[in-house]
Amino acid sequence: MSTASAPSAAGTTTWAIDNSHTLVEFSVRHLMISTVKGRFGEVSGKVVADDADPAGAQIEATINVASIDTREAQRDAHLRSADFFDAENFPTLTFRGTRIEKAGDGLKVTGDLTIRGTTREVVLDVTSEGRVKDPWGGERAGYSATTKIKRSDFGLTWNMALETGGVVVGDDIKIALEVELVKQA
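For clarity, every value in this text was computed on a predicted model and none was experimentally measured.

Chemist: Explain the packing of aromatic side chains residue by residue, including any values.
Modeler: Applying the stated criterion across every chain, the model contains two aromatic pairs. Aromatic side chains Phe26 and Phe40 sit 5.6 Å apart centroid to centroid with 45 degrees between the ring planes, which places their arrangement in the tilted category. With a gap of 14 residues between them, Phe26 in strand S2 (residues 23-30) and Phe40 in strand S3 (residues 34-40) connect regions that are remote in the sequence. Summarising the burial analysis for this pair, Phe26 and Phe40 share the class buried. Measuring from ring centre to ring centre gives 5.9 Å for Phe40 and Phe85, while their planes differ by 80 degrees; the resulting arrangement is edge-to-face. Here the residue Phe40 occupies a position in strand S3, and Phe85 occupies one in the loop between helix H1 (73-80) and strand S7 (92-103), the gap between them amounting to 45 residues. Phe85 carries the same exposure label as Phe40, and that label is buried. An aromatic cluster of at least three residues, connected via ring pairs, comprises Phe26, Phe40 and Phe85.

Here you go:
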């Protein structure tokens, strides 16, 4: 029996997430009057797809929780703490695609999002931004995606009540992705 890896299926291409050209951003209401945005700086993963059957693509992504950045060091430290992401015990967020469907000019990508050890199904609204040959002889593809989750569904329940009613941190989280993929040889 050979120890060499088996060739990929005809037409199947593996694409790696290019971290330096990918943005994972979130926004949440603060004090019921404004929106705070943040991002995660470290994301990795891959997409294995067949151009003839994109619905069968396999999608995996991992985000390093410690890479959170909301432009405020004290808030970032609080978000990494056990009150929120508990980065010491749950150092990554993961997404694994389970279904892809055509939706108008875009796609609906359904998958399992795991935050703080809790997995919930989410649906991403995805738009293809195109494919290009890069100046180094490679091929790249770009995608934009959005979704909305409730942080309480993932055990992120820390909050404080306000004297005037309402809470410090909203439950609805808007997520926006700009993903650049690099075709693997």
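Chemist: Residues and numbers for unusual backbone geometry, please.
Modeler: The residue Asp86 is not glycine, and still its phi comes out positive at about 50 degrees. Tracing the backbone through its elements, the reader meets Asp86 in the loop between H1 and S7. The phi dihedral of Arg116 is positive, around 55 degrees, even though this residue is not glycine. Take Arg116: it is sitting in the loop between strand S8 (106-115) and strand S9 (118-133).

Chemist: Give a description of the nonpolar core that names residues and reports values.
Modeler: Grouped together as the largest cluster of nonpolar side chains are 39 residues, with contacts concentrated most on Phe40, Phe85, Phe95, Ile115 and Ile149. Ranked by residue count, the leading element in this core is strand S11 (residues 169-183), at five residues.

Chemist: Go over a nonpolar patch on the surface, please, and point to the residues and values.
Modeler: Taken together, Leu31, Met32 and Ile33 make up a surface patch of nonpolar side chains, about 300 Å² in accessible area. Turning to its location among the elements, Met32 is positioned in the loop between S2 and S3.

Definitions and limits used
Residues numbered from 1 in each chain as written. Predicted model: local features only at pLDDT ≥ 70, side-chain atom pairs only at ≥ 80, totals over all residues. Heavy atoms only, no water. Phe/Tyr/Trp six-rings, centres within 6.5 Å; stacked < 30°, edge-to-face > 60°. Helix = DSSP H or I, 4+ residues; strand = E, 2+ residues; numbered from the N terminus. Buried < 20%, exposed > 50% of the residue type's maximum accessible area, 1.4 Å probe, protein only. Core = buried A, V, L, I, M, F, W, Y, C linked by side-chain atoms within 4.5 Å. Patch = residues over 30% accessible without salt bridge, like charges linked within 9 Å, V, L, I, M, F, W, Y side chains within 5 Å. Areas by Shrake-Rupley, 256 points an atom, 1.4 Å probe, with all protein chains shown as cover. Salt bridge = Lys/Arg side-chain N within 4 Å of Asp/Glu carboxyl O.

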